[in-house]
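Breakdown of the fold
Next come the chains, spelled out residue by residue.
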Amino acid sequence: MTTLQLTDTLPVMEDFYTLQGEGMYQGQAAYFIRLGGCDVGCHWCDVKESWDENKHPQVAITDLVAKAAAFPGRLAVITGGEPLLHNLDVLCTTLHAAGFRTHMETSGSSPLSGDWDWITLSPKKFKAPLPAVSAAAHELKVVIFNKADFAWAEEHAALAGHHCKLYLQPEWSKADAMTPLIVDYIKAHPQWQLSLQTHKYINVP
Ligand code: SF4
């Protein structure tokens with residue numbers, strides 16, 4: 001149950017039509033909506049400008065969805081920042097009414113809101129996921145920085161539901177060193193799959 005108020009507007013840092021680069025839906029056309037606001041504070045964060053939601057304009061949800069619906073794809077990916085800092089019930093209802101699948105990428109550190117067709121949980125060490133988000137996740141994407149992260153990935157896999165798909169993804173700046181370790185790990189633990197940031201290889205946002 002959400003404690004956040006329903007809202008007709010959300011702080012939007014950027015929104016754009018591209019290809020989903022990662023995970024189960026990798027390669028599919030998607031409209032990305034990056035919401036402002038994050039209280040997790042990862043020191044390696046590459047979107048620190050998203051942290052202060054007050055630096056981003058409040059956009060009417062109806063306008064946002066109409067903009068997305070101008071493109072032919074009907075997959076919407078809500079990311080951040082940490083999108084669950086906001087009540088996402090109205091956004092999901094409006095996206096569904098326009099024929100979109102609703103996907104979210106979250107650290108899971110705030111209570112769930114919204115009606116999701118797909119939740120990607122990417123846990124962060126700086127603020128652990130809430131158990132309810134771990135249980136609801138459709139895919140778990142663990143970013144691997146070093147060897148110790150494999151054990152950390154298993155801890156989060158144990159908290160996820162049996163239906164949850166499991167992905168290991170090399171941190172971009174460590175990909176040369178970590179990818180061979182991930183390949184070996186997946187060969188020994190085949191419940192996991194490799195996720196690559198393919199959008200960075202093909203140079204799309
Ligand atoms: S949760 Fe995401 S947006 Fe927030 S600090 Fe970490 S990497 Fe950045």
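The rules behind each value
- Residues numbered from 1 in each chain as written.
- Predicted model: local features only at pLDDT ≥ 70, side-chain atom pairs only at ≥ 80, totals over all residues.
- Heavy atoms only, no water.
- Helix = DSSP H or I, 4+ residues; strand = E, 2+ residues; numbered from the N terminus.
- Rg over C-alpha atoms; globule rule 2.2 N^0.38 Å.
- Buried < 20%, exposed > 50% of the residue type's maximum accessible area, 1.4 Å probe, protein only.
- Contact = heavy atoms within 4.5 Å.
- Areas by Shrake-Rupley, 256 points an atom, 1.4 Å probe, with all protein chains shown as cover.
- Lys, Arg positive; Asp, Glu negative; His and termini not counted.
- Charge placed at Lys NZ, Arg CZ, Asp CG, Glu CD.
- Pairing = 2+ DSSP bridges.
- Axes fitted to C-alpha atoms, helices over the stretch in contact; angles between N-to-C directions.
- UniProt positions renumbered as here; feature names shortened; annotations may be inferred.

**Remarks on the overall build of the protein**
When helices and strands are counted, the protein shows six helices and nine strands. Relative to its length of 205 residues, the protein is compact, with a C-alpha radius of gyration of 16 Å against a globular reference of 17 Å. Taking the principal axes of the C-alpha coordinates as reference, the protein spans close to 45 × 35 × 30 Å. The buried share of the protein, taken over its 205 residues, is 49%. Sequence separation of at least 24 residues holds for 64% of the intrachain contacts in the protein that already meet a minimum separation of 6. Element-wise, carbon and sulfur atoms account for 57% of the exposed surface of the protein, whose accessible area totals about 9,700 Å². Taking the average location of the 15 positive side-chain charges in the protein and that of its 22 negative ones, the two points are 5 Å from each other.

**Brief notes about the sheet that holds strand β5 (residues 101-106)**
The sheet built from nine strands is open, its strands ordered β3-β1-β2-β4-β5-β6-β7-β8-β9 with mixed pairing. The two strands at the open ends of the sheet, each matched to only one other strand, are β3 (58-60) and β9 (192-194). For this sheet, the mean inter-axis angle between neighbouring strands, taken without regard to orientation, is 30°. Pairing analysis gives four bridges linking strand β2 (residues 29-35) to strand β4 (residues 75-79), with the strands arranged parallel. Looking at β4, one finds that Tyr 31 is bridged to Ala 76. Across the sheet, helix α4 (residues 149-159) lies against β7 (139-144), β8 (165-170) and β9, angled at about 165° from β7, the strand it touches most. Along the sheet, helix α5 (residues 175-188) contacts β7, β8 and β9; its crossing angle with β8, the most-contacted strand, is approximately 150°.

**Examining the UniProt feature "binding site: substrate" (unreviewed entry) in the protein**
What UniProt calls "binding site: substrate" (unreviewed entry) maps, in this numbering, to Leu 19, Gln 20, Gly 21, Arg 34, Thr 79 and Pro 205. Its location among the elements puts Gly 21 in the loop between β1 (9-19) and β2. The contacts of Gly 21, once residues within four sequence positions are left out, are Gln 26, Leu 196, Gln 197, Thr 198 and His 199. Inspection of the secondary structure puts Thr 79 in strand β4. Residue Thr 79 is classed as buried on the basis of its relative accessible area, which comes to 10%. Those residues in contact with Thr 79, other than ones at most four positions away along the chain, are Phe 32, Ile 33, Arg 34, Leu 35 and Glu 105.

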